[in-house]
Amino acid sequence: VEYDIILQPGHYGRKTGKVGTSGELVSERALVAYVVGAAARQLGKQNVNVLVVSADQYSTGLRAKVFLAVHADGSESKCKTGPSLAYEASSSPHAMHAIGWGLAQAMGYVYKDFMRDNFTANEANYYMFGKVKAGTMKGLLEVGELTCAKMEEQLVLNADAIAENLARALAFVVGK
């Protein structure tokens, strides 16, 4: 089966290893699971074939037009990171920037608020990129920094708008 889109909420379902970050209001796993779930439901209503996979339990041989992992960042030095886009070198940066634009519109970000693309060490080689065959794009979206109280509050308040815009951008990228 080839899906239109495979989504992975960052660290969701992970029992060992890196389990994500937390802010004062919400954990990364809870926030991104909510956003991904809401986006997947909206895409399903538009007849987009979506599969949501956990961090560690998924089928082998996954294929899609688009793979996207959604994460929220954390930092020892609070308020030093922010939203960012990462993608495999062979992916379409234009597709990933359409997704970034959707996040920016939901949060009131401008691109100067974003960290440079693939800013985290080895982010362009995210482990799931090697597990999924995706023709158009393999990407990772960091929605913002949970360890920054102001940004965390905005992420929680705008979770529905983030999901809606994420779904719109993904539907655009897959041509639906």
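Residues numbered from 1 in each chain as written. Predicted model: local features only at pLDDT ≥ 70, side-chain atom pairs only at ≥ 80, totals over all residues. Heavy atoms only, no water.

Bringing the layout of surface pockets into the picture now. Computed from the structure, the largest pocket encloses a volume of approximately 480 Å³. Around the largest pocket sit 20 residues that line it, and His 11, Lys 18, His 71, Tyr 126 and Glu 142 are the ones nearest its centre. Counting residues per element, the ones that place at least two in the lining of the largest pocket are strand 3 (62–73) and strand 5 (132–145). The element contributing the most residues to the lining of the largest pocket is strand 3, with three residues. For the lining of the largest pocket, the residue count by class is seven nonpolar, seven polar and six charged. (1 Å grid on protein atoms, 1.4 Å probe; cavity = no way out; pocket = protein on both sides within 12 Å on 5 of 7 lines; lining within 4 Å. Points joined across faces, edges and corners; volume = space filled by probe spheres on them. Helix = DSSP H or I, 4+ residues; strand = E, 2+ residues; numbered from the N terminus. Nonpolar A, V, L, I, M, F, W, Y, C, P; charged D, E, K, R; others polar.)

What follows concerns the side chain of Glu 145. Position of Glu 145 relative to the elements: it lies in strand 5. No salt bridge is formed by the buried Glu 145. Its closest oppositely charged neighbour is Lys 78, at 7.9 Å. Excluding its chain neighbours within four sequence positions, the residues that come into contact with Glu 145 are Asp 73, Gly 74, Ser 75, Ser 77, Lys 78, Cys 79, Lys 80, Thr 81, Gly 82, Met 151, Glu 152 and Leu 155. (Buried < 20%, exposed > 50% of the residue type's maximum accessible area, 1.4 Å probe, protein only. Lys, Arg positive; Asp, Glu negative; His and termini not counted. Salt bridge = Lys/Arg side-chain N within 4 Å of Asp/Glu carboxyl O. Contact = heavy atoms within 4.5 Å.)

Attention shifts here to helix 2 (residues 93–107). Taking 1.5 Å per residue, 15 residues should reach 21 Å; helix 2 reaches 21 Å between its end C-alpha atoms and fits that length. Inspection of helix 2 places Ala 95, Met 96, Ala 98, Ile 99, Gly 100, Gly 102, Leu 103, Ala 104, Ala 106 and Met 107 among the buried residues, and these make up the whole buried set. Among the structural elements, strand 3, strand 4 (84–87), strand 5, helix 3 (149–157) and helix 4 (159–173) are those in contact with the buried residues of helix 2. Two residues or fewer after helix 2 comes Gly 108, characterised by a positive phi angle close to 75 degrees. (Expected span 1.5 Å × (residues − 1).)

Turning next to the environment of Ser 77. Structurally, the position occupied by Ser 77 is in the loop between strand 3 and strand 4. Overall, the relative accessible area of 44% leaves Ser 77 in the partly exposed class. Along the chain, Ser 77 and Val 26 lie 51 residues apart, while their C-alpha atoms are 18 Å from each other.

Once that is clear, we can look at the sheet that holds strand 2 (residues 50–52). Within the open sheet, the five strands sit side by side as 2-1-3-5-4. Their pairing is mixed. Each edge of the open sheet is held by one strand with a lone partner, namely strand 2 and strand 4. Taking the axes of each pair of neighbouring strands and ignoring which way they run, one obtains an average angle of 20 degrees across the sheet. The pairing of strand 3 with strand 5 spans 10 bridges and is parallel. (Pairing = 2+ DSSP bridges. Axes fitted to C-alpha atoms, helices over the stretch in contact; angles between N-to-C directions.)

Scope: geometric values only; no functional claims are made or implied.
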